Amino acid sequence: MSIETTVTRAWQRKAAWLWLLLPISWLYGLIITLRRQAYRWGVFASYRAPIPVMVIGNISVGGSGKTPLIIELVSYLQAVHRIKVGVISRGYGGDTSQMPALVDASSTPSVVGDEPCLIVNMTGAPMAVSPNRQQAITTLLAAHPDLQLIIADDGLQHYALQRDIEWIVVDTARGFGNKQLLPTGFLREPLSRLKGATVVYHSKQQTSPATEHASKQKQPNQRLLMYMQADSMQPLWAPALANTQKQNAAKADIQTSEQQDHPAAPKTGSQVHAVSGIGYPQRFFETLTDLGFEVIAHPYPDHYDFTLAELLQYRQHPIVVTTKDAVKIKALLSKAMADNALNDDYQALERRLWVLPVTAVLSDDCYRLLTEQLQRLDIDIKSHQALRLTKK
C-alpha cells in the first residue's frame, strides 16, 4: 500500500495518529498565508490575462467533482451562450518537458494528463496545459486569439494567476474531515477561504420532488448545488480486430462487427469489478451500488497509471471504470493494438471493460449567477430568460 493510500484512508477514518502531525500543519498554514499575502501586496508577481479568467478549484485534496463541473460549464457556454471558451490546466500526470502544449483529440494522457484529455474529448474546447499557467494561456491564445473566456482547471491556489471569477467546489459527502490543514487533515487552505467566495456544493441527487423541495426549504441562503447523474453504461472499447486486414475495413463494417461482437452491458443486480483511480473513489462505488450493482471495489490512488496486465487479474465479472480512468485505459489499448500486442487474454479483457459516464447537473441558481458574473465582465451573452428557455 502506498503512502498516499495510507494517508488518504487515515483522513477518511479521522485516525487519531494524524494529530501528531499538527505542528507541521501549523507551519504549512503559516506558509500559505504569507504566500497569499505576498501576492496581494505585490511582493510576488502575478499575471493578468488579456481576457477574463474563471478559476474552478477546491480547498481539499482529492476529488470534489470539479472536472464534470468544468465539462458542463464549457458545454453550456458553447451551446447556450455561443461563448468562445478555452480551458487551461496544470496537466497533472503529463510530461512537463513537452509543456506548454495544446490539447486535442489525438493527445495522450502520458503527455498532457488524463483530465485534459477527458475535457477535450467531451467538449472539443480549445485547451492548453502547463504548470506555468501564464505559459498555458499564452500558448492557448496564440492558437485561438478569438477566445472570450478562459476556464482554469484546479488553479485556485495558483495565485500567480489573477482571476476574474472563482468557483470553489465542496463535496458535502466528504465534508472537511477533521477540518485541519495538510497533513493532519486534507484541507489545502483553511475553511475561512470559503467566506465571501462563490461555493458550489456537490451533493447527492435528490430522490424525489418532495425531497428536493424539503432540501430547498432548509437552504434559505440559496446555496449553489450540483449533483452527478449517471448515464447509460458504455463499452470502454470495441473488441480489437484480429488482423491488419480487418483493421483497414470500412467504417460501416467495423461498426456492424462491434455491435454484433460486444457483449450486453452488465445487468442490474449482477456483480461488477469497480476499478477507480480518482480522488474520492467511494463516490463512484456508491453510485454503482445505488444503480443496483453488487460492487467489488478496487480503489487506486488518484491519477493512477494502470497497466493492462494489472487489469487482467479482475476476471469472471465485468470491469467498470470512470470516464477519467477510461481515457488512460483506452490509450493503453490503442498502443497495444499498434504494437500488435493484443493476445487472447487482452482481447477478452476488452470485452469485460465498461465505463460509467456521469453528467454534472447544476441548480438554476448556478446558471443565473454565472450569467450575472459574465455580464459584469462585459462578455456578450444572451439574456437570462432566453438562456433558461433554451436550457429547458
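See the structure shown above.
Residues numbered from 1 in each chain as written. Predicted model: local features only at pLDDT ≥ 70, side-chain atom pairs only at ≥ 80, totals over all residues. Heavy atoms only, no water.

(A) Main features of unusual backbone geometry. Of note, the amide linkage connecting M99 to P100 takes the cis form, showing an omega dihedral of 5°. Relative to the assigned elements, P100 resides in the loop between β2 (85–89) and β3 (101–103). Its identity as a non-glycine residue notwithstanding, K179 has a phi of 65°, on the positive side. The residue K179 is located in the loop between β6 (165–171) and β7 (198–202) in this model. A positive phi angle is found at H303, which is not glycine, with a value near 65°. Here H303 shows up in the loop between β11 (294–299) and α11 (308–311). (Helix = DSSP H or I, 4+ residues; strand = E, 2+ residues; numbered from the N terminus.)

(B) Structural detail: helix α14 (residues 364–376). Given a rise of 1.5 Å per residue, 13 residues ought to cover 18 Å, and the 19 Å separating the end C-alpha atoms of α14 matches this to within 8%. Of the positions making up α14, those classed as buried are D365, C366, Y367, L369, L370, T371, Q373 and L374. Downstream of α14 by one or two residues, D378 has phi in the positive range, about 60°. (Expected span 1.5 Å × (residues − 1). Buried < 20%, exposed > 50% of the residue type's maximum accessible area, 1.4 Å probe, protein only.)

(C) Representation of the packing of helix α3 (residues 66–81) against helix α5 (residues 114–123) within the structure. At a closest axis distance of 10 Å, the pairing of α3 and α5 adopts a crossing angle of 30°. The pairing of α3 with α5 is recorded here as roughly parallel in orientation. As for how α3 packs across α5, the hand of that crossing is right-handed. When α3 is examined against α5, the residues K66, T67, I70, I71, V74, S75 and Q78 are found in contact with a partner set consisting of E115, L118, I119, M122 and T123. (Axes fitted to C-alpha atoms, helices over the stretch in contact; angles between N-to-C directions. Parallel < 35°, antiparallel > 145°, perpendicular 65-115°, else oblique. Left-handed = near helix turned anticlockwise from the far one by under 90°. Contact = heavy atoms within 4.5 Å.)

(D) Just the pairing of β2, in detail. Among the five residues in β2, five count as buried, and that is most of the element. Here β2 shows no split at all, with V85, V87 and S89 on one side and G86 and I88 on the other all buried. As defined by bridge partners, β2 adjoins strand β5 (residues 149–153) across five bridges and the pair is classed as parallel. Opposite V87, over in β5, you have I151 as the bridge partner. (Pairing = 2+ DSSP bridges.)

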